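# Summary of the model geometry
Below are the chains, spelled out letter by letter.
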Amino acid sequence: MSRPVGLAQTAPAHEHIAAVNLPPTIAIRDLTMRFGAGTADAVLAVDNVSLSLAPGEFVSLVGPSGCGKTTILNLLTGLLKEEADGDVRVLGRPPREGNPDIAYMLARDSLLPWRTALDNAAFGMEVRGLPRRERESRARDLLQQVGLGDFADKFPKALSHGMRQRCALARTFALDSPVLLMDEPFGALDAQTKLTLEDLLMQLWSAHRKTVVFVTHDLAEAIALSDRVIVMSARPGRIVADVAIDLPRPRDVRKLQTDHRFHDLYAKLWRLLEQGAAAHE
Ligand SMILES: Nc1ncnc2c1ncn2[C@@H]1O[C@H](COP(=O)(O)OP(=O)(O)OP(=O)(O)O)[C@@H](O)[C@H]1O
């Protein structure tokens, strides 16, 4: 596979600093979400969560299964029709379905099997109505950046799982939305491929400067990628801790595994996670 290219011309990663003095890109205040409110099966999924992300910040949500991480992402996209209490803003506006300010990436690559890598990378732009020439040129550029330049004409069945997630990354970044919501995008990958894709995501994020909410069960991944890690309790999901990850950037995900600061953060987050899980047992 060809190496990712096209990133070197852009700003070096160490210059990436979230604009903490600007109005937040994402602002969630006192969010409470109850599914099936008023019925016998009502589920309190999220309880009084407040969270804000500065432009360009990379924030991970970690917490036990069912604590409401995906629910928070879905609320940001406007996909959830059910009533939620509290206030949610994306770039100052309430969530709305089809908001072009948001790109969403999931664990499964969800590539369309009858489309080539190029057409898959261009798919989101097609849905958004961009002219053919523009979407093709952007898709090619992004495929190049994720190291799939030579695979533009291949169909998903000819790509490995890691390559399919590269293609999904290309599709996500090609949308050029200022906000990325990523729900365990590397959750189904083997450990080695995962590290490679994490490095690639860091390069893309540094070059394209997006605000990212990243959901993961993998504390090492959360530390390696994030500016902050939000630890949630077991359901109903509450914020247990908001931990700044003050490791210098650019980060080499592999080298971090041998850095004592990384291990200290891991131990701290693990403790918080266990406390949050125990609080509701
Ligand atoms: N549409 C729905 N109707 C009813 N309950 C729901 C719905 N969606 C989610 N829930 C419930 O809300 C809670 C939070 O779910 P959510 O998927 O947000 O958790 P999560 O933290 O993303 O879990 P996981 O880590 O396992 O993906 C769960 O108890 C789930 O069963």
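Structure's up top.
To start, this report covers the structure provided alongside it. (Residues numbered from 1 in each chain as written. Predicted model: local features only at pLDDT ≥ 70, side-chain atom pairs only at ≥ 80, totals over all residues.)

A few words now on the overall build of the protein chain. For the protein chain, the helix and strand inventory stands at nine helices and nine strands. Taken over C-alpha atoms, the radius of gyration comes to 19 Å for the protein chain, in line with the 19 Å a tight globule of 281 residues would show. Projecting the C-alpha coordinates of the protein chain onto the three principal axes gives extents of approximately 50 × 45 × 40 Å. Across the 281 residues of the protein chain, 42% fall into the buried class. Long-range contacts, defined here as pairs at least 24 residues apart, represent 73% of the contacts in the protein chain between residues at least 6 apart. (Helix = DSSP H or I, 4+ residues; strand = E, 2+ residues; numbered from the N terminus. Rg over C-alpha atoms; globule rule 2.2 N^0.38 Å. Buried ≥ 20, exposed ≤ 12 C-beta atoms within 10 Å, placed from the backbone. Contact = placed C-beta atoms within 7 Å.)

Two modes of strand pairing occur in sheets, parallel and antiparallel, and in both the strands are linked by backbone hydrogen bonds. Here three strands make up an open sheet; going across it, the order is β2-β1-β4 and the pairing antiparallel. Each edge of the open sheet is held by one strand with a lone partner, namely β2 (43-53) and β4 (84-90). When strand polarity is set aside, the average angle formed by the axes of neighbouring strands in this sheet is 15°. Two strands pair when backbone bridges link them, and strand β1 (residues 26-35) and β2 are joined in this way by seven bridges, in the antiparallel orientation. Opposite F35, over in β2, you have V43 as the bridge partner. (Pairing = 2+ DSSP bridges. Axes fitted to C-alpha atoms, helices over the stretch in contact; angles between N-to-C directions.)

Our next topic: the packing of helix α4 (residues 132-145) against helix α5 (residues 161-174). Where α4 meets α5, the axes come as close as 9 Å, and the angle between the chain directions of the two elements is 130°. Accordingly, the angle class assigned to the pair α4 and α5 is oblique. The chirality of how α4 crosses α5 is right-handed. Between α4, through R138, A139, L142 and L143, and α5, the contact on the second element is made entirely by A170, F173 and A174. The residue inventory of the contact of α4 with α5, partitioned by class, reads six nonpolar, no polar and one charged. (Parallel < 35°, antiparallel > 145°, perpendicular 65-115°, else oblique. Left-handed = near helix turned anticlockwise from the far one by under 90°. Nonpolar A, V, L, I, M, F, W, Y, C, P; charged D, E, K, R; others polar.)

Turning to helix α1 (residues 69-77), a few remarks are in order. Among the nine residues in α1, seven count as buried, and that is most of the element. Taken together, the buried positions of α1 are K69, T71, I72, L73, N74, L75 and L76. Phi for G78, located one or two positions after α1, is positive at around 80°.

What follows covers the site of the ligand. Every one of the 13 residues lining the ligand counts as a neighbour, but F35, A45, S65, T70 and T71 are closest to it. Of all elements in the fold, only β2 and α1 reach the threshold of two or more residues within the shell around the ligand. Class assignment of the residues belonging to the shell around the ligand gives a composition of four nonpolar, seven polar and two charged. (Near = placed C-beta within 6 Å.)

Two numbers describe how α5 lies on helix α6 (residues 191-208): the axes approach to 11 Å, and their chain directions differ by 15°. In terms of orientation, α5 lies roughly parallel with respect to α6. Here α5 and α6 pass one another in a crossing that is right-handed. Across from G162, Q165, R166, L169 and F173 in α5, the residues of α6 making contact are T193, T196, L197, L200, L201, L204 and H208.

The quantities given are spatial measurements derived from coordinates; they are silent on function.
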